[in-house]
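What follows is each chain in one-letter form.
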Amino acid sequence: MRLDINNHAANSSDLTSHNLRRPEWLKAKIPSGEKYAHLKKLIDGKNLHTVCEEARCPNMGECWNHGTATFMILGDVCTRSCGFCAVKTGKPTELDAQEPYRVAEAVKTMGVRHAVITSVNRDELFDGGAQIFAETIRQIRAIAPNTKVEVLIPDFKGDEFALNIVLDAFPDILNHNVETVPRLYLAVRPQANYERSLEVLSRAKKRGFITKTGLMLGIGERTEEIIEVMRDLRKINCDIITLGQYLQPSKEHLPIDRYVHPDEFKMLKETGMNMGFKHVESGPLVRSSYHAEGQV
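Let me begin by describing the structure that accompanies this report. Computed from a predicted structure; not experimentally measured.

Digging into the overall build of the protein
Right, so step 1: The helix and strand inventory of the protein stands at 10 helices and 10 strands.
Right, so step 2: Burial status across the protein gives 56% buried among its 296 residues.
Right, so step 3: Sequence separation of at least 24 residues holds for 76% of the intrachain contacts in the protein that already meet a minimum separation of 6.
Right, so step 4: If you sum the accessible surface of the protein, you get close to 13,400 Å²; carbon and sulfur atoms cover 50% of it.

Quick word on the nonpolar core
Right, so step 1: Ile117, Phe133, Ile140 and Ile153 are the most contacted members of the largest nonpolar core, which totals 37 residues.
Right, so step 2: Among the elements of the structure, strand E2 (68-73), helix H4 (99-110), strand E5 (114-119), helix H5 (130-143), strand E6 (148-152), helix H6 (160-167) and helix H8 (194-206) are those that each provide at least two residues to this core.
Right, so step 3: Of the residues forming this core, the biggest block, six residues, is contributed by H5.
Right, so step 4: Apart from the residues lying within four places of it in its own chain, the contact partners of isoleucine 153 are Phe133, Leu163, Val166, Leu174, Asn175, His176 and Val200.
Right, so step 5: Counting 36 residues, the second-largest nonpolar core is a separate cluster that includes Phe84, Leu243, Leu268 and Leu285.

Quick look at the packing of H8 against helix H9 (residues 223-235)
Right, so step 1: Close contact between H8 and H9 brings their axes to 10 Å; oriented N to C, the two are set at 40°. The chirality of how H8 crosses H9 is right-handed. Contacts between H8 and H9 involve Tyr194, Leu198 and Leu201 from the former and Val229, Asp232 and Leu233 from the latter.
Right, so step 2: Partitioning the contact of H8 with H9 into residue classes produces five nonpolar, no polar and one charged.

Comments concerning the packing of aromatic side chains
One pair of aromatic rings is described through two measures. These are the centre distance and the angle between the planes.
Right, so step 1: Enumeration according to the criterion identifies three aromatic pairs in this entry.
Right, so step 2: Both rings, one in phenylalanine 133 and one in phenylalanine 156, keep their centres 6.2 Å apart while their planes meet at 90°; by these two values the pair is edge-to-face. In this pair, phenylalanine 133 sits in helix H5 while phenylalanine 156 sits in the loop between E6 and H6, placing the two residues 23 residues apart along the sequence. As far as the burial class goes, phenylalanine 133 and phenylalanine 156 line up, both buried.
Right, so step 3: Seen in terms of ring centroids, phenylalanine 170 and phenylalanine 209 are 6.2 Å apart; in terms of plane orientation they differ by 25°. Their pairing is stacked. Here phenylalanine 170, found in the loop between H6 and strand E7 (173-175), pairs with phenylalanine 209, found in the loop between H8 and strand E8 (210-217); they are 39 residues apart in sequence, far enough to count as distant.
Right, so step 4: Its guanidinium or amino end placed over the ring of phenylalanine 277, arginine 234 lies 5.5 Å from that ring's centre, counting from NZ or CZ.

Looking at the packing of H4 against H5
Relative placement of two packed helices is described by the angle separating their axes and the distance separating the axes.
Right, so step 1: At their nearest, the axes of H4 and H5 sit 8 Å apart, and the two run at 35° to each other. The chirality of how H4 crosses H5 is right-handed. For the pair H4 and H5, contact is made by Glu99, Pro100, Tyr101, Val103, Ala104, Glu105, Val107 and Lys108 and by Ile132, Glu135, Thr136, Gln139, Ile140 and Ile143, respectively.
Right, so step 2: Of the residues assigned to the contact of H4 with H5, the class counts are eight nonpolar, two polar and four charged.

Some thoughts on helix H10 (residues 262-275)
Quick reminder: α-helices carry 3.6 residues per turn. Residues three or four places apart thus point the same way.
Right, so step 1: Across its 14 residues, H10 extends 20 Å between first and last C-alpha, which sits within 8% of the 20 Å expected from 1.5 Å per residue.
Right, so step 2: For H10, every residue scored as buried is listed here: Glu264, Phe265, Leu268 and Gly272. Down the axis of H10, the smallest arc covering the buried residues is 100°, so these residues share one side. Facing away from the buried side of H10 by over 90 degrees, the exposed positions are Asp263, Lys266 and Asn274.
Right, so step 3: Close packing links the buried residues of H10 with E8, H9, strand E9 (240-245) and strand E10 (279-282).
Right, so step 4: Remark: glycine 276 follows H10 within two positions and exhibits a positive phi of approximately 115°.

About the thresholds
- Residues numbered from 1 in each chain as written.
- Predicted model: local features only at pLDDT ≥ 70, side-chain atom pairs only at ≥ 80, totals over all residues.
- Heavy atoms only, no water.
- Helix = DSSP H or I, 4+ residues; strand = E, 2+ residues; numbered from the N terminus.
- Buried < 20%, exposed > 50% of the residue type's maximum accessible area, 1.4 Å probe, protein only.
- Contact = heavy atoms within 4.5 Å.
- Areas by Shrake-Rupley, 256 points an atom, 1.4 Å probe, with all protein chains shown as cover.
- Core = buried A, V, L, I, M, F, W, Y, C linked by side-chain atoms within 4.5 Å.
- Axes fitted to C-alpha atoms, helices over the stretch in contact; angles between N-to-C directions.
- Left-handed = near helix turned anticlockwise from the far one by under 90°.
- Nonpolar A, V, L, I, M, F, W, Y, C, P; charged D, E, K, R; others polar.
- Phe/Tyr/Trp six-rings, centres within 6.5 Å; stacked < 30°, edge-to-face > 60°.
- Lys NZ or Arg CZ within 6 Å of the ring centre and 35° of its normal.
- Expected span 1.5 Å × (residues − 1).
- Arc of directions from axis to C-beta.

Given below as structure tokens:
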């Protein structure tokens, strides 16, 4: 069955799940190892959140053991209710001014070579949390100057002032995920806007930053729609794109429409490189920060 969402509002009750057996190519190793256990204890001890854990990333063990970690700042409660996301939705109460320092301290102690800083959406804050992003970058620069810093930011409701607060702290990569094709936004990202996400990336690129974005596949899009989004991204000179398989976090989230075969991911990688992307990370288990260090 193909997920079909027209111009009218859609919600998860409009979508029918189906029994799909997970293919062999989607089996990931359970996080383990002495280094992984040490890092897990360290993060828990500093009262930090990682998107690796919150989003149940299948590559968590591999990334942590290779010096890449994705820290989720601004708490673990999101003001938005995206249909694909495992992060809790509600009214956030946490705003910790000391969090940037603790993240930087963890980066140094963990020996992280490439730190990805992301967050929940904090639409109730006047700047969407941009100042905490900027201070986190500055603290990492001060404490762990050899660490590359990538920020995976929300859209800040299109506020250019908030975006510039982050850019003025000079991250190495500005990442903002478009997540899916325009046709599916009402179900997948009901409080977001496709054109607004393109504008975030375009503004960052115009200021000279390396820009990056990502899409999840298998949530109802058609292959030709993916390619059209890739064309839109190249029009604004986006440098890096990641493409990975959507995995349903729970029965309450949007169903998986299909498991995308590795051959299609390979085709999309070749298509993207031919379009002029500087790097395309494309595969079933790819997530936004997967192999992020090598993309700089």
